[in-house]
Every structure is written in structure tokens, then in C-alpha cells.
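# Structural overview for review
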Amino acid sequence: MSGTSLSCDQGVSETSEKTHTNNWAVLVDTSRFWFNYRHVANVLSMYRSVKRLGIPDSQIILMVADDMACNPRNPRPATVFNNAHQHINVYGEDVEVDYRGYEVTVENFVRLLTGRLAPSTPRSKRLLTDDGSNILIYMTGHGGDGFLKFQDSEEITNVELADAFEQMWQKKRYNEILFIIDTCQAASMYEHFYSPNILAIASSLVGEDSLSHHVDPAIGVYIIDRFTYYALEFLERVTPDSKKTLAQFLQVCPKRVCISTVGVRLDLYKRDPSRVLVTEFFGSVRNVELTTRVLDLPKCGGSRQVAVNKSVNTRSSKATKPLHYASQLPLHHS
């Protein structure tokens with residue numbers, strides 16, 4: 001890629017379709033109890049994929065309603081597997097859970113999205129996004145027509161979720177959102193979305209169940225859902241520099257393998273999914289432009305240097321010499 005002349009207020013590249021500067025992931029398991037093992041495996045598998053593709057823990061919010069790794073029924077303590085052959089322990093040694101157990105509530109989830117958190121909330125529990133942020137929001141659990149249950153004690157409706165996204169847009173908290181939900185009648189959760197730049201994917205249409213994939217005989221419960229299983233099978237073949245697109249990701253679970261019908265809502269999303277890389281949501285942002293010649297950079301620091309000198313001189317009459325930059329590694333003479 002050849003270089004171009006830049007002015008002081010221009011970006012590095014004008015040729016890329018990318019319109020964002022950072023990526024975040026919000027991964028939510030809303031279920032409790034041992035028989036919902038697969039929902040924890042779902043969300044931890046997605047967590048493993050986004051970390052492998054470059055999103056750091058500081059930009060991942062992980063909400064897990066129950067800790068299957070330490071459940072007394074787990075025959076393999078401190079592990080969570082997403083396949084019957086135990087190839088990958090998705091719990092691993094470096095999982096950072098931000099909201100655990102009874103912290104996974106509708107109120108905390110909505111406050112997280114909208115930024116309406118108490119001042120004492122630690123940084124690790126905040127979604128510190130801006131209008132340059134692409135956000136992957138993945139949710140799994142038990143749902144119905146127009147709602148998703150949280151820990152079998154409360155539920156979030158599709159209207160509440162849509163309004164939370166609109167608050168995010170009005171407060172400039174995102175550039176684009178990729179919303180993925182794996183639950184029964186999942187498509188009902190995106191029906192009321194009305195905010196721009198949201199691409200929504202659901203594991204099942206209204207009136208359909210979202211089915212699990214297989215049982216691990218050693219554990220005695222289903223360990224992953226069908227849509228997430230095939231989504232992760234696709235993501236395992238994606239690398240940080242991959243050219244795979246969202247259009248390809250939308251085809252990962254046809255009805256012959258998913259049993260349910262995958263729903264997609266594209267009317268709010270302004271870009272063509274075939275021109276959007278999977279890593280624009282599942283990976284990190286590396287805005288690098290290669291050039292074969294020297295860039296003609298303007299001298300932007302002159303006016304700022306004068307301003308700095310002037311402000312220093314007004315504060316102290318002793319500062320008569322102009323400021324200059326010291327070498328990072330000064331030479332020491334004997």
C-alpha cells in the first residue's frame with residue numbers, strides 16, 4: 001500500500017473501510033444450576049476465541065451466573081469443556097470473570113451497557129467504550145418470545161434491550177454492534193431494535209427452540225449448544241490476519257445441522273457483511289499502513305511549542321530559556 005500526504009488533523013489511512021478504533025466484547029451467561037453447564041461452556045468458548053484473536057481482558061466484560069468449574073458435581077474440578085473428548089479446557093488458567101453469580105442481574109447488565117454505574121464501580125466492571133468502539137455482545141441462556149431469563153428469577157424484555165442500545169447510541173458509546181444470542185426463540189430479542197449500526201444474529205426464530213449439541217457421558221449433561229458449537233468451529237479457523245467475513249460467519253449453522261433456523265437482522269446495519277472482516281468484532285484493531293516511500297508529514301508541533309513556552313514563561317519569570325526535548329537515553333561522558 002502506498003503512502004499519502006497527511007495533514008495535522010487527518011487519520012493515518014483513508015483507504016480502509018474500517019470506521020472504528022477499538023474493539024470490546026460483552027459476553028453474558030444468564031443461567032444457573034448444573035444442568036445448564038452448556039451455557040457456561042458457550043460463553044467461555046466465545047471468551048477464549050476473542051482473547052485468542054487479540055481482544056485483551058481489559059476490553060472484555062465476562063458475566064457468568066454460575067461457576068461450573070468449582071461445582072461439587074464436576075468430576076474434573078477447575079475445568080469446563082465444550083466437547084465430549086475434553087480437547088480444550090475453556091476455563092483455562094487466565095479467565096477473568098467480571099460479574100459472577102448473583103451479580104449477573106438485569107439491572108447490572110443494563111447499567112453496564114448504558115454506563116449508569118455507581119462511582120465506586122471498579123474499572124474492570126465498566127464498559128469504557130466511545131463512538132469509535134465496535135462491540136460484540138453475546139448472550140446465552142433460557143428465553144422465550146420477547147424475553148431472556150436471568151438466573152430463573154427475573155427477565156429482560158426485548159423492549160428493555162432495544163432501549164438500552166438506543167441510550168448507548170445517544171451517549172456515543174458505540175460505533176457498531178454485533179449482537180449474537182443463543183437461546184430459544186432468540187430472534188424475538190432483536191425485533192424491537194431501532195438504533196443504527198447494529199447487526200443481529202439469533203440461533204432460532206420465534207416459535208423455535210435452540211437445541212443443544214451433544215452430551216459428555218463423563219459429566220452427564222449437555223455441554224454446548226448447536227449454534228455456538230458451529231460458530232466456534234468456524235472461529236477456530238480464523239487468525240488475527242484472516243480475511244474471513246461476516247457474510248461467511250452468517251452461514252456457519254444451516255438448518256440441517258442447527259435444526260433451528262438462524263435469524264439475521266441486517267436492516268439497521270449500513271455496511272455489506274461481505275466487506276466486513278470477522279476480526280473487526282472478534283479481534284483487536286491494528287491500524288497499520290505499509291509504505292514503500294517516506295511519508296511527507298507536515299510540521300504540526302511548531303505552534304504548540306510556542307504555546308508551551310509562552311505558558312511556562314507566564315507562570316515563572318525564571319523560565320527564560322526555550323524548552324527542548326531531552327534524549328530518551330542520554331550519553332554519559334567519563
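Residues numbered from 1 in each chain as written. Predicted model: local features only at pLDDT ≥ 70, side-chain atom pairs only at ≥ 80, totals over all residues. Heavy atoms only, no water.

All chains considered together, the criterion is met by nine aromatic pairs. Plain terms: the ring middles of phenylalanine 165 and phenylalanine 193 are 5.0 Å apart, the flat faces sit at 65 degrees to each other, and that makes the pair edge-to-face. Placement of the pair is phenylalanine 165 in helix 3 (residues 158–170) and phenylalanine 193 in the loop between strand 8 (176–182) and strand 9 (198–202), with a sequence separation of 28 residues. Across the pair, phenylalanine 193 and phenylalanine 165 agree in class, each one buried. Taken together through their ring pairs, the aromatic side chains of Phe165, Phe179 and Phe193 make up a single cluster. Directly above the ring of tyrosine 102 sits arginine 32, whose terminal nitrogen or CZ lies 4.3 Å from the centroid. (Phe/Tyr/Trp six-rings, centres within 6.5 Å; stacked < 30°, edge-to-face > 60°. Helix = DSSP H or I, 4+ residues; strand = E, 2+ residues; numbered from the N terminus. Buried < 20%, exposed > 50% of the residue type's maximum accessible area, 1.4 Å probe, protein only. Lys NZ or Arg CZ within 6 Å of the ring centre and 35° of its normal.)

Overall, mixed pairing links the seven strands, which are arranged 3-2-1-4-8-9-12 in an open sheet. The outermost strands of the open sheet, each flanked by one partner alone, are strand 3 (99–100) and strand 12 (263–265). Pairing between strand 9 and strand 12: three bridges, direction antiparallel. Its bridge partner lying in strand 12, alanine 202 is registered against glycine 263. Packed on one face of the sheet, helix 1 (residues 37–52) meets strand 1 (22–29), strand 2 (60–64), strand 4 (133–140) and strand 8 and runs near 165 degrees to strand 1. (Pairing = 2+ DSSP bridges. Contact = heavy atoms within 4.5 Å. Axes fitted to C-alpha atoms, helices over the stretch in contact; angles between N-to-C directions.)

Attention now moves to the pattern of salt bridges. Pairs can form between side chains of opposite charge whenever their charged atoms are close. In this structure the tally under the stated criterion is 12 salt bridges. Aspartate 67 serves as the salt-bridge partner of arginine 100, at 3.5 Å between the closest nitrogen and oxygen. Of this pair, arginine 100 sits in strand 3 while aspartate 67 sits in the loop between strand 2 and strand 3, and the two are 33 residues apart along the sequence. In this structure arginine 100 comes out as partly exposed when scored by relative accessible area, which is 39%. Between lysine 149 and aspartate 152 there is a salt bridge, with its nearest N and O atoms 3.2 Å apart. (Salt bridge = Lys/Arg side-chain N within 4 Å of Asp/Glu carboxyl O.)

With that settled, the discussion passes to the side chain of asparagine 23. One can find asparagine 23 in strand 1. Polar contacts involving the side chain of asparagine 23 include one to the side chain of histidine 20, which spans 2.9 Å. Within the structure, the side chain of asparagine 23 is placed 3.1 Å from the backbone oxygen of glutamate 280, a separation counted as a polar contact. (Polar contact = N/O pair within 3.5 Å; in protein donor to acceptor, adjacent residues only side chain to side chain.)

UniProt records the feature "active site" (unreviewed entry) at His142 and Cys184, using the numbering of this structure. The annotated residues occupy 43 residues of the chain but converge on a single region, no pair of C-alpha atoms lying more than 6.4 Å apart. Tracing the backbone through its elements, the reader meets histidine 142 in the loop between strand 4 and strand 5 (143–144). Accessibility expressed as a relative area gives 23% for histidine 142, which makes it partly exposed. Excluding residues that lie within four positions of it along the chain, histidine 142 makes contacts with Thr30, Ser31, Asn36, Arg38, His39, Leu148, Lys149 and Thr183. Only 2.7 Å separates the side chain of histidine 142 from the side chain of asparagine 36, close enough to count as a polar contact. Relative to the assigned elements, cysteine 184 resides in the loop between strand 8 and strand 9. (UniProt positions renumbered as here; feature names shortened; annotations may be inferred.)

Another aspect to go through is unusual backbone geometry. In this model, alanine 78 sits at a positive phi of 65 degrees, which is unusual for a non-glycine residue. Of note, alanine 78 is situated in the loop between strand 2 and strand 3. Within the chain, isoleucine 259 stands out as a residue other than glycine whose phi angle is a positive 70 degrees. By the element assignment, isoleucine 259 lies in the loop between helix 6 (255–258) and strand 12.

So, about the pairing of strand 2. By the criterion of burial, strand 2 is predominantly enclosed, with five of the five residues buried. Residues Ile60, Leu62 and Val64 line one face of strand 2 and the alternating positions Ile61 and Met63 line the opposite face, and both faces are buried. Note on the crossover from strand 1 through helix 1 to strand 2: the handedness is right-handed. Judged from the two bridges that link them, strand 2 and strand 3 form a sheet pairing that is parallel. Note on strand 3: the bridge partner recorded for valine 64 is arginine 100. (Right-handed = clockwise from strand over helix to strand, strands pointing away.)

This part is about the layout of surface pockets. Volume-wise, the second largest pocket comes out at about 250 Å³. At the level of elements, helix 1 and helix 4 (226–235) are the ones that each hand at least two residues to the lining of the second largest pocket. (1 Å grid on protein atoms, 1.4 Å probe; cavity = no way out; pocket = protein on both sides within 12 Å on 5 of 7 lines; lining within 4 Å. Points joined across faces, edges and corners; volume = space filled by probe spheres on them.)

So, about the sheet that holds strand 5. Backbone hydrogen bonds hold the strands of a sheet together, and the pairing may be parallel or antiparallel. Spatially, three strands are ordered 5-6-7 in an open sheet, and the strand pairing comes out antiparallel. The sheet terminates laterally at strand 5 and strand 7 (154–157), the two strands that pair on one side only. In the sheet, strand 5 pairs with strand 6 (residues 147–150) via two bridges, with the strands oriented antiparallel. Directly across from glycine 143, in strand 6, lies its bridge partner leucine 148. Contacts between helix 2 (residues 106–114) and the sheet are confined to strand 6 and strand 7, with strand 7 contributing the most and set at about 35 degrees to the helix.

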